[in-house]
Amino acid sequence: EYVVQPASDEDSADIVQIAQNEETEEAARQIERWLDCSPKSFSVAKGTDGKVVGFYVSFEPDNVDQELLSTDPLTRAWLRHLEENPIEKTERVLFLRRWLARGTGDGFSAIQGACWVDIKRVYMEMRPGLRRMYTTVNDLAAYAPVVVPLGFAPIDDAHIELGGRMYYSAILDFGGDSVDGWLRGLVKAELGVESDPF
């Protein structure tokens, strides 16, 4: 139903429109700054008619403009957490700065589901070096039952208010064995076993 692909220049107007419709004014401005300064960080979801219905923003913090990172309240908080809880030099970090769907924002939807599947593809591409992912949601109560069993944990001192709306930060630490170890842990928990199932 939806195709997710890297954003092109032609998609920019739709990305801005979705951000302005679904975010607070202050939060939308942050999205527009990222689009202006780091357009390759954006991926878009398109329907069968080819129209943009959603997008997400993800990047490795070492690969984007450091001033942009430090002036965005959310990524600044994530950088602070990373500095206080360092990883090995060989390990990698992914910032999932935002995902939004037309009409449903960052809420549950088929569009959001398509973006999440594509993000899992990014996980696989970044293994075996990927150690952590940082992200944010508005409705923490709705998402917690879904993502806590996957290993996500809130970062209490990285919750940020933008334009009167709270943006709750969360981290997924894949562990020293990266995505492969994380997947093994999920399968073991699902099967209720102690030893590795594969």
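Refer to the structure printed above.
Just so it is clear, the structure is predicted and the values come from calculations on it, not from any experiment.

**Concerning helix H1 (residues 12-22)**
- Buried within H1 we find Ile15, Ile18, Ala19 and Glu22. An end-on view of H1 places all buried positions within 100 degrees of arc, on one side of the element. Counted as exposed and oriented over 90 degrees from the buried face of H1: Ala13 and Asn21.
- Residues of H1 that are buried make contact with helix H2 (25-37), strand S2 (42-46), strand S3 (52-59), strand S4 (92-101) and strand S8 (165-173).

**Observations concerning the packing of aromatic side chains**
- Scanning the model with the defined rule gives 13 aromatic pairs in all.
- With 5.9 Å between their ring centres and 80 degrees between their planes, Trp99 and Tyr143 make a pair best called edge-to-face. Pair noted here: Trp99 is in strand S4 and Tyr143 is in helix H6 (residues 140-147), with a separation of 44 residues, a long-range link. One exposure class covers both Trp99 and Tyr143, and it is buried.
- For the ring pair Phe174 and Trp182, a centre distance of 5.2 Å and an interplane angle of 85 degrees mean the geometry is edge-to-face. Across the pair, exposure class does not vary: Phe174 and Trp182 are buried alike.
- An aromatic cluster is defined as three or more aromatic residues linked by ring pairs; in this entry it consists of Trp34, Phe59, Trp78, Phe95 and Tyr134.

Procedures and definitions
Residues numbered from 1 in each chain as written. Predicted model: local features only at pLDDT ≥ 70, side-chain atom pairs only at ≥ 80, totals over all residues. Heavy atoms only, no water. Buried < 20%, exposed > 50% of the residue type's maximum accessible area, 1.4 Å probe, protein only. Helix = DSSP H or I, 4+ residues; strand = E, 2+ residues; numbered from the N terminus. Arc of directions from axis to C-beta. Contact = heavy atoms within 4.5 Å. Phe/Tyr/Trp six-rings, centres within 6.5 Å; stacked < 30°, edge-to-face > 60°.

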